[in-house]
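Below are the chains, spelled out letter by letter.
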Amino acid sequence: MSGKTVNNDIRNIAIIAHVDHGKTTLVDQMFRQCGTFRPGQAFDERLMDSMDLEKERGITIAAKNCSVTFEGTRINILDTPGHADFGGEVERALSMVEGAILLVDASEGPLPQTRFVLSKAMASGLTIVVVINKVDRADARISDVLNEVYDLFIDLDATEEQLEFPVFYAIGRDGVVFEEVGGEPKKLDFLLRQLIEHIPAPSHDPDEPFQMLVSDIDYSDYLGRLAVGKVRHGVIRRNEQMVCIGLDKSIPLKVTKLQVYEGPTLKEVDQTVAGDIVILAGADGFRIGDTICTAANPKVLPRITVDEPTVAIAFTVNTSPLAGRDGSHVQSARIRERLIKETLKNVAIQVEETDEKETMLVKGRGELQMAILIETLRREDFEFAVGRPQVIEKLIDGVRHEPIEHVFVDVDEAFVGVVTEKLSQRKGRMVNLVNHGSGRVRMEFSIPSRGLIGFRSEFLTDTKGTGILNAYLEGFEPYRGDIPSRHTGSLVADRTGQAVAYALFNLDPRGTLFIRPGDDVYEGMLIGEHNRDNDLDVNACKEKKLTNMRASGRDEGVVLTPVLPITLEHALEFIREDELIEVTPTKLRLRKKILAANQRTKKTKTK
C-alpha cells in the first residue's frame, strides 16, 4: 500500500501582506543574510518588484518566485500581491505552497487586502506564521494589532490548529527579528529556522507517476513558453516525453530544459524532485491550470479556480484625427492578439468579442487591475481607446444582483461627516465605526461596486489627502437602485487645431481645463470639466483679433490656472457613458464617442 513521503530539504512559502507593509524589503534582507549575493555585490532595492510599474507605484502586481538556501534547506518564497484586484495572481501562488507568512504593519494592523489573501490561504489549508513588522514605528500599537489578527482569524472561521499560530516581531528594513516584544534582536536566520520548523515540508506519493499543475506561465525568446509549477508526485528529467492535458485537448511535449529558482534567478538542472517548484520548456500550448504528466499514466489535477470578474471595459481601435502619431501597434488585430496573450498569463482576466467588429470586452477584478493592464499596453507601444468601466451584474432566481464591496475607511474625525454623506448617496450602508481615541476613526461600509467608480479621487479631495480607503468584494446582492453620476458636464472642442492661450484664458472661468496652450485639439475632444451639468462646445483655438487701434497702456498678460496632468485612474473615473479615453504611448486624451457636434445633438434629440 502506498503512503505519503515528505521532502524535508524543501519548504514552499508565500508571503501575505497589505500594500506597503514591507514584504518586498523583508525578502531583500533574506537574500542579503543568506549569502545570495557576494560581499560588495550591487543589487537593486526591492529586488522582487521587477516590473517598472511595481517600482513606480511601490506595490506588488504580479506574483513572483525566488528561493534562499539556508542550512541545506531550499526555501522557495512566493511574493504575492497585496491587492484584491490581483486575486488571480494570489490564487496561482497559493497553489504552489504549504504555508504562508502573514506580515502585518505594527501600526496599521491587518487591512482588507490582507483579509482577502488570508481567507484564500486558510481555505487552502495552509499553515500560517504571523510576523508583525515595523515594530520600531513611533505609532506602533503591537498588542492591539495582535488582538486584531486573532479577531481576523476568528472572523474567517479559523480552526483550533490555525489559531495557534506562532508570532514574531520584526524590523524588516534592518533585517532583525524578535521572539517577543522588547526582547533581544536576532538576525533573520532565527526566523528562517522557525519557518522550517513550523511550516510542513511538501509531501508526495513515491508510487505515483509524475504530476505537475501549471500555476504560472513565463516566456523566453529562445525557449518559447515556459510552464512554472510545483511537482506534486514523481521525478522529471530533461529530454523526457510528457503530455500536457488542458481543458479541451492534450499536447505531447518533450522537456527541452528544466530549471529551478536559485535566489532571484534560475539554475538549470537535469532532473527535479517532488515538492520542488520548477520551470520547464517543451511546448507552446501551456495554459495556467493545465496538468503535465506521463503519457503512459495520465492523471489530471484539479484546475486553479479564481473569483469571477466584477468590472468590464471595452477596448477599441483609436479613431481620433490624431490616431497613429505615437503608437506603432494600432490595428484591431494586434490589440486583440495582445489581449488574448494576457489571458494566458493572467487567469483573472477574460476577453470577449462584441457586436462591434473592432471592439473587445475585457473583464477583470477591479479598476486598478484594468488601469495596470492599460498602462502595460501603453508601454509596449500600443495605441487604442477604452470606455468607462462597467460593473458586471447577474440574474439570480430572476432577480437583478450586483457586486457589493466591503469598504474600510480610515479618516480624521473632522471628515467623518462628509465621507458618510458621500457614501450614503452612493447607496453605501455603514456597518461599523471604531474610534481609537487617537484623532482618527475607522469606518466600514457595504456599498455597490459601481458606487466606488469615480469615488477615490473625490474621497482624497474631501479628506485633504489624509484618508485611507480599501475594499474587497463581499459578494452579490439585489440591485440597490440608481446612483447619481457625475454632476458636471464637459467642455468639448468644436474644431481641430492648436489650443491658444487667449482662448483658454477666456474659457478658464467656465470650468477646470485639461489642456495647455499649444496642445493639439480636435472636434469632439474633451478639453475640460464644465462647472454646470451640461456639455458645452467651445473654441479653444480662438486668437485675439488684431486691429489698428492701440491701447495707451500695454495689453495685459494672459495668466492661466496651472493644469494638472490627467492620470489614467482619474480619466477612468471621470468619463461618462458617451465618452472614451484615447490611450497612446505618450498621451492620454478624453473624447466623445461621436466626435461631430451635429451628430451628437441629433442622437440626443432621438433619445
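Residues numbered from 1 in each chain as written. Predicted model: local features only at pLDDT ≥ 70, side-chain atom pairs only at ≥ 80, totals over all residues. Heavy atoms only, no water.

According to the stated counting rule, one finds 1 cavity of 30 Å³ or more in the structure shown. One number sums up the size of the largest cavity: a volume of about 40 Å³. In terms of lining residues, the largest cavity is bounded by Phe315, Thr316, Val317, Ser332, Ile335, Arg336, Glu358 and Met360. Counting only elements with at least two residues in the lining of the largest cavity, the list comes to β22 (311-316) and α8 (332-345). It is α8 that provides the largest number of residues to the lining of the largest cavity, a total of 3 residues. (1 Å grid on protein atoms, 1.4 Å probe; cavity = no way out; pocket = protein on both sides within 12 Å on 5 of 7 lines; lining within 4 Å. Points joined across faces, edges and corners; volume = space filled by probe spheres on them. Helix = DSSP H or I, 4+ residues; strand = E, 2+ residues; numbered from the N terminus.)

Quick look at helix α5 (residues 142-155) now. Here α5 is 14 residues long and its end C-alpha atoms lie 20 Å apart, about the 20 Å a rise of 1.5 Å per residue gives. In the segment just after α5, Asp157 is the residue with positive phi, at about 60°. (Expected span 1.5 Å × (residues − 1).)

Angle between the axes and distance between the axes: these two values describe a pair of packed helices. Running from N to C, helix α10 (residues 416-425) and helix α12 (residues 455-462) point in directions that differ by 160°, and their axes come no closer than 10 Å. Between α10 and α12, the interaxial angle falls into the category roughly antiparallel. In the packing of α10 onto α12, the handedness of the crossing is right-handed. Contact residues: α10 offers Val418, Val419, Lys422 and Leu423, while α12 offers Phe455, Glu458, Phe459 and Asp462. Partitioning the contact of α10 with α12 into residue classes produces 5 nonpolar, no polar and 3 charged. (Axes fitted to C-alpha atoms, helices over the stretch in contact; angles between N-to-C directions. Parallel < 35°, antiparallel > 145°, perpendicular 65-115°, else oblique. Left-handed = near helix turned anticlockwise from the far one by under 90°. Contact = heavy atoms within 4.5 Å. Nonpolar A, V, L, I, M, F, W, Y, C, P; charged D, E, K, R; others polar.)

Here the focus is the environment of Gln162. By secondary structure assignment, the location of Gln162 is in helix α6 (residues 160-163). When the C-alpha atoms of Gln162 and Ile128 are compared, they prove to be 7.0 Å apart, with 34 residues separating the residues in sequence. Each residue touching Gln162, except ones within four places of it in the same chain, is listed here: Met122, Gly125, Leu126 and Phe153. For Gln162, the side chain forms a polar contact with the main-chain nitrogen of Thr159, separated by 3.1 Å. (Polar contact = N/O pair within 3.5 Å; in protein donor to acceptor, adjacent residues only side chain to side chain.)

What follows concerns the nonpolar core. Grouped burial of nonpolar side chains is what soluble globular proteins tend to show. Membership of the largest hydrophobic core comes to 43 residues, with the highest contact counts inside it found for Leu102, Ile128, Val130, Ile132 and Phe153. In this structure, Leu102 is in contact with Ile16, Thr114, Leu118, Ile128, Val129, Val130, Val131, Val149 and Phe153, ignoring residues within four places of it in sequence. Of all hydrophobic cores here, the second largest spans 29 residues; its members include Val351, Leu377, Phe382 and Leu588. (Core = buried A, V, L, I, M, F, W, Y, C linked by side-chain atoms within 4.5 Å. Buried < 20%, exposed > 50% of the residue type's maximum accessible area, 1.4 Å probe, protein only.)

A separate point is the pattern of salt bridges. As enumerated under the stated definition, the model contains 41 salt bridges in all. Asp189 is the partner of Arg193 in a salt bridge, and the nearest nitrogen-oxygen pair spans 3.9 Å. Taken together, the residues Arg193 and Asp189, both in helix α7 (residues 188-198) and 4 residues apart, mark about one turn of the helix. With relative accessibility at 30%, the residue Asp189 sits in the partly exposed group. Each of Asp535, Arg576, Asp578, Glu579 and Lys592 takes part in a single network of salt bridges with overlapping partners. (Salt bridge = Lys/Arg side-chain N within 4 Å of Asp/Glu carboxyl O.)

Here we come to unusual backbone geometry. Of note, the phi angle at Lys427 is positive, near 70°, even though the residue is not glycine. Position of Lys427 among the secondary structure elements: in the loop between α10 and β29 (429-435). Not every positive phi belongs to a glycine, and Lys464 is a case in point at roughly 55°. If you trace the backbone, Lys464 turns up in the loop between α12 and β31 (468-478).

Glancing now at the confidence of the model for the protein. On average, the protein scores 82 in pLDDT, and the residues at 70 or more come to 89%. When mean pLDDT is compared element by element in the protein, strand β25 (residues 384-386) scores highest at 93, while helix α2 (residues 52-57) scores lowest at 47. Note that pLDDT drops below 50 for residues 37-51; the model gives that stretch 38 contacts with residues more than four away or on any other chain. In the model, residues 53-63 has pLDDT below 50 throughout and makes 49 contacts with residues more than four positions away in sequence or in other chains. (pLDDT = per-residue confidence, 0-100.)

This paragraph deals with the packing of aromatic side chains. Taken as a whole, this structure holds 6 aromatic pairs when the rule is applied. Ring centres 5.4 Å apart and planes at 20° place the aromatic pair Phe315 and Phe384 in the stacked group. Of the two residues, Phe315 is situated in strand β22 and Phe384 in strand β25; the sequence distance between them amounts to 69 residues. Each member of the pair Phe315 and Phe384 is classed as buried. Here the aromatic rings of Phe455 and Phe459 are separated by 5.8 Å at their centres, their planes lie at 40°, and the arrangement is tilted. (Phe/Tyr/Trp six-rings, centres within 6.5 Å; stacked < 30°, edge-to-face > 60°.)

Residue placement: Ser95 occurs in the loop between α3 (87-94) and β5 (99-105). On the basis of relative accessibility, which here comes to 16%, the residue Ser95 falls in the buried class. Separated by 2.8 Å, the side chains of Ser95 and Ser215 make a polar contact.

Moving on: the state of the cysteines. As used here, a disulfide is simply a covalent bond connecting the sulfur atoms of two cysteines. Inspection of every chain in the model, using the stated rule, returns 0 disulfides. With no disulfide of its own, Cys244 lies closest to Cys293 among cysteine sulfurs, the gap being 8.4 Å. (Disulfide = S-S within 2.5 Å.)

Here we take up the pairing of strand β13 (residues 224-233). Taken across its 10 residues, β13 has 9 buried, putting it largely inside the fold. Two strands pair when backbone bridges link them, and strand β11 (residues 211-213) and β13 are joined in this way by 2 bridges, in the antiparallel orientation. Bridged to Gln211 within β13 is His233. Bridge count between β13 and strand β20 (residues 277-281): 5 bridges; the pairing is antiparallel. From the neighbouring strand, Ala227 faces β20, where its bridge partner is Leu280. (Pairing = 2+ DSSP bridges.)

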